[in-house]
Amino acid sequence: MDYITIALSKGRIGKQADNVFKKIGLGDCIDLDSRKLIFKDDINKINYIYVKPSDVVTYVEKGVTDLGIVGKDTILESDTNVYEIFDLGFGKCKFSIAGIKGEKIYKKDDILKVATKYPEIAKKYFNERQQKIEIIKLNGSVELAPLVGLSDVIVDLVETGNTLKANGLEVIEDMFNISARLISNRVSYRFKFDRIQNIIKSLNENMEG
Ligand code: PRP
Ligand code: MG
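Note that the structure is a prediction, hence the values are computed from the model and not measured. (Residues numbered from 1 in each chain as written. Chains lettered and ligands numbered in written order. Predicted model: local features only at pLDDT ≥ 70, side-chain atom pairs only at ≥ 80, totals over all residues. Heavy atoms only, no water.)

Here the phi dihedral of Lys 45 falls at roughly 55°; this positive angle occurs in a residue that is not glycine. Mapping Lys 45 onto the fold places it in the loop between β2 (38-41) and β3 (46-51). Taking relative accessible area as the criterion, Lys 45 reaches 24% and is therefore assigned partly exposed. Although it is not a glycine, Gln 130 sits at a positive phi angle of roughly 55°. Within the secondary structure, Gln 130 sits in the loop between α4 (119-128) and β8 (133-137). (Helix = DSSP H or I, 4+ residues; strand = E, 2+ residues; numbered from the N terminus. Buried < 20%, exposed > 50% of the residue type's maximum accessible area, 1.4 Å probe, protein only.)

Moving on, we come to the sheet that holds β3. If you trace the six strands from one edge of the open sheet to the other, you get β2-β3-β1-β4-β11-β5, paired in mixed fashion. Pairing within the sheet leaves two strands with one partner each, and these edge strands are β2 and β5 (83-87). Within the sheet, the average angular offset between the axes of one strand and its neighbour, ignoring direction, is 25°. The sheet contacts of helix α1 (residues 12-23) involve β1 (4-9), β3, β4 (67-71) and β11 (180-184), and relative to β4 the element is tilted by about 130°. Running over the sheet, helix α8 (residues 193-208) touches β1, β3, β4, β5 and β11 and is turned about 30° from β5. (Pairing = 2+ DSSP bridges. Axes fitted to C-alpha atoms, helices over the stretch in contact; angles between N-to-C directions. Contact = heavy atoms within 4.5 Å.)

Close contacts around ligand 1 come from 13 residues, with Glu 143, Asp 156, Thr 160, Gly 161 and Thr 163 the closest. Between an oxygen atom of ligand 1 and a side-chain N or O atom of Lys 117, the distance comes to 2.8 Å. When the free accessible area of ligand 1 is taken as 500 Å², the share hidden by the protein chains comes to 71%. With respect to the detected pockets, ligand 1 is housed in the largest pocket. Elements with a contribution of two residues or more to the shell around ligand 1: β9 (153-158) and α6 (162-166). It is β9 that contributes the most residues to the shell around ligand 1, three residues altogether. Classifying every residue of the shell around ligand 1 gives two nonpolar, six polar and five charged. (Near = heavy atom within 4 Å. Polar contact = N/O pair within 3.5 Å; in protein donor to acceptor, adjacent residues only side chain to side chain. Areas by Shrake-Rupley, 256 points an atom, 1.4 Å probe, with all protein chains shown as cover. 1 Å grid on protein atoms, 1.4 Å probe; cavity = no way out; pocket = protein on both sides within 12 Å on 5 of 7 lines; lining within 4 Å. Sits in = over half its atoms within 2 Å of the grid points. Nonpolar A, V, L, I, M, F, W, Y, C, P; charged D, E, K, R; others polar.)

Per the stated rule, a full pass over the model turns up seven aromatic pairs. An angle of 90° between the planes, with centres 4.8 Å apart, marks the rings of Phe 95 and Tyr 118 as edge-to-face. Here Phe 95, found in strand β6 (residues 93-100), pairs with Tyr 118, found in the loop between β7 (112-116) and α4; they are 23 residues apart in sequence, far enough to count as distant. In this structure an aromatic cluster arises from ring pairing among Phe 95, Tyr 118, Tyr 125, Phe 126 and Phe 176. When the ring centre of Tyr 125 is taken as reference, the NZ or CZ atom of Arg 129 above it lies at 3.6 Å. (Phe/Tyr/Trp six-rings, centres within 6.5 Å; stacked < 30°, edge-to-face > 60°. Lys NZ or Arg CZ within 6 Å of the ring centre and 35° of its normal.)

Here it is, written out as structure tokens:
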């Protein structure tokens, strides 16, 4: 039997993926509290690697790993050529445009300043709506940007809405829903089809409870 290699995303999604793989009896070798980056399961013939979300997409696209588990946000932001094969149903949140409460700035005749960690998603979304924008790329805590006058609005993930609320911001428009996805390298999907389908089947049965 061929080995399958799966890339897990560092952070919340990786931890939830670890739980799910343990539940379906596959992830015993994964120990995310260790500093190890590779986990080998010689019984089920699955190797796992643990990398940053945006790198999951790169490893899968290059075929170094057959499969990856990553948020839809990361897939949308990367211009990638992988198959998205299964919605894992966890890591649910949404992309929203948000701004200072009560101001509701969104459509502008001139250029809208948008702060975000996701420039590609924001560009595409506003472009499709003929809104001219200037992107201010930040690496986190983007909720600060409208408060200090760095941007008119933000484009960011909203899960509970607590971060917006705590900073006096509100959703102006919901863009799309996000969750964790199983992605596959295109060649692996053909050559390891049966093994990949078996993994999907177990994941699906686990979701159905
Ligand atoms: C994420 C996201 C929002 C927040 C949404 O930030 O960028 O700020 O979580 O969650 P909530 O709606 O439940 O408050 P994260 O904590 O990952 O930090 P960062 O933006 O600084 O990277
Ligand atoms: Mg944040």
